[in-house]
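# Topology and contacts: notes
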Amino acid sequence: MAEAQILRRLLENCGIEAEEVSGDAVTREAFLAAYAGDEFDVIWVISHAGDHPYRHDESALQLRAGHEVTADDLLARPASAGGRRLLVLNACSTATGGPGLFSNQGLVRSAAGPHQAVIGHLWQVDIAAAAVFGALLAIELVQFASFSEAFQNALIMLQKPRQAIVEHLQDFGVWEIAADALDRFESATLLDTGSPALFE
């Protein structure tokens with residue numbers, strides 16, 4: 001909830017148009033319809049994910065009960081989105097790949113391509129750390145940083161002392177929303193900072 005509220009606040013403050021989908025409106029069909037189109041510059045998913053350790057083609061985003069999106073579904077990305085689109089999968093193990101360095105199996109690897117960059121996580125992540133990383137990433141994106149710059153800057157900020165993160169979040173008016181998440185993990189560990197991955 002905090003991550004969604006942070007995104008909403010940042011987008012509103014910057015006058016960036018967004019469409020939020022939550023609750024019963026979250027369906028597999030609605031997601032796939034938006035995913036197949038070229039209306040959005042960024043699609044941001046806050047959910048759980050299930051990673052199959054040996055069959056990555058069976059990994060899935062768990063949007064809600066009965067509404068899962070598989071790696072095969074993500075292969076059907078648009079041929080062109082009027083440029084490059086960013087898909088953010090801020091959920092556990094979404095960037096896990098199949099066996100072999102060059103395998104294209106897995107959620108992020110299925111979705112990444114010439115017209116879509118993808119950010120996911122290599123393993124299970126603490127929900128509070130993921131929310132803070134999401135806030136830091138969103139701050140970079142609303143300043144129109146490139147996808148790679150936004151990713152890099154968010155990771156750098158996540159590794160800074162807690163007070164520096166607090167002041168950064170205060171500068172963008174989202175500290176009170178992110179406070180509980182940041183309090184719950186205090187400072188990032190290697191497990192937190194090593195988990196996010198960008199595929200371009």
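Conventions and cut-offs
Residues numbered from 1 in each chain as written. Predicted model: local features only at pLDDT ≥ 70, side-chain atom pairs only at ≥ 80, totals over all residues. Heavy atoms only, no water. Salt bridge = Lys/Arg side-chain N within 4 Å of Asp/Glu carboxyl O. Helix = DSSP H or I, 4+ residues; strand = E, 2+ residues; numbered from the N terminus. Buried < 20%, exposed > 50% of the residue type's maximum accessible area, 1.4 Å probe, protein only. Patch = residues over 30% accessible without salt bridge, like charges linked within 9 Å, V, L, I, M, F, W, Y side chains within 5 Å. Areas by Shrake-Rupley, 256 points an atom, 1.4 Å probe, with all protein chains shown as cover. Core = buried A, V, L, I, M, F, W, Y, C linked by side-chain atoms within 4.5 Å. Pairing = 2+ DSSP bridges. Axes fitted to C-alpha atoms, helices over the stretch in contact; angles between N-to-C directions. Contact = heavy atoms within 4.5 Å. Lys, Arg positive; Asp, Glu negative; His and termini not counted. Charge placed at Lys NZ, Arg CZ, Asp CG, Glu CD. Phe/Tyr/Trp six-rings, centres within 6.5 Å; stacked < 30°, edge-to-face > 60°. Lys NZ or Arg CZ within 6 Å of the ring centre and 35° of its normal.

## Quick word on the pattern of salt bridges
Two side chains bearing opposite charge may form a pair once their charged atoms approach each other closely. Within the structure shown, the criterion is met by six salt bridges. Between Arg9 and Glu176 there is a salt bridge, with the nearest N and O atoms lying 2.7 Å from each other. Here Arg9 is found in helix H1 (residues 2-14), whereas its partner Glu176 is found in helix H8 (residues 175-185), with 167 residues between them in sequence. Residue classification places Arg9 among the partly exposed residues on the basis of a relative accessible area of 28%.

## So, a nonpolar patch on the surface
Taken together, the side chains of Leu122, Trp123 and Leu191 define a hydrophobic patch exposed on the protein surface, amounting to about 280 Å² of accessible area. Turning to its location among the elements, Trp123 is positioned in the loop between strand S6 (116-121) and helix H5 (127-142).

## Observations concerning the nonpolar core
Judged by nonpolar contacts, the single largest core of 37 residues is most densely connected at Val132, Phe133, Leu136, Leu137 and Leu169. For this core, the elements supplying multiple residues, two or more each, are H1, strand S5 (85-89), S6, H5, helix H6 (147-158), helix H7 (162-171) and H8.

## Side note on unusual backbone geometry
If you check the backbone angles, Ser93 has positive phi at about 60° while not being a glycine. Positionally, Ser93 belongs in the loop between S5 and helix H4 (107-111). What makes Ser93 buried here is its relative accessible area of 12%.

## Section: the sheet that holds strand S1 (residues 42-45)
Strand order in the open sheet formed by four strands is S1-S5-S6-S7, with mixed pairing between adjacent strands. The open sheet has two edge strands with one neighbour each: S1 and strand S7 (196-199). Strand-to-strand, the axes of this sheet are offset by a mean angle of 10°, without reference to chain direction. Lying on the sheet, H6 is in contact with S5, S6 and S7; it crosses S7 at an angle near 170°.

## Observations concerning a negative patch on the surface
A cluster of acidic residues, Glu17, Glu19, Asp38 and Glu39, forms a negative patch on the protein surface. Structurally, Glu19 is set in the loop between H1 and helix H2 (28-36). A relative accessible area of 53% means that Glu19 is categorised as exposed.

## Quick notes on the packing of aromatic side chains
Applying the stated criterion to the full structure yields two aromatic pairs. Measuring from centroid to centroid gives 5.6 Å for Phe31 and Tyr35, while their planes differ by 20°, and the two rings are stacked. Remark: Tyr35 and Phe31 occur in helix H2; sequence separation between them is four residues, near one turn of the helix. Owing to a relative accessible area of 11%, Phe31 belongs among the buried residues under this scheme. Ring centres 6.3 Å apart and planes at 80° place the aromatic pair Phe133 and Phe151 in the edge-to-face group. Remark: Phe151 occurs in helix H6 and Phe133 occurs in helix H5; sequence separation between them is 18 residues. For Arg85, the ring lying beneath its charged end belongs to Tyr35, and the centroid distance is 5.1 Å.

Any link to function would need more than the numbers given here.
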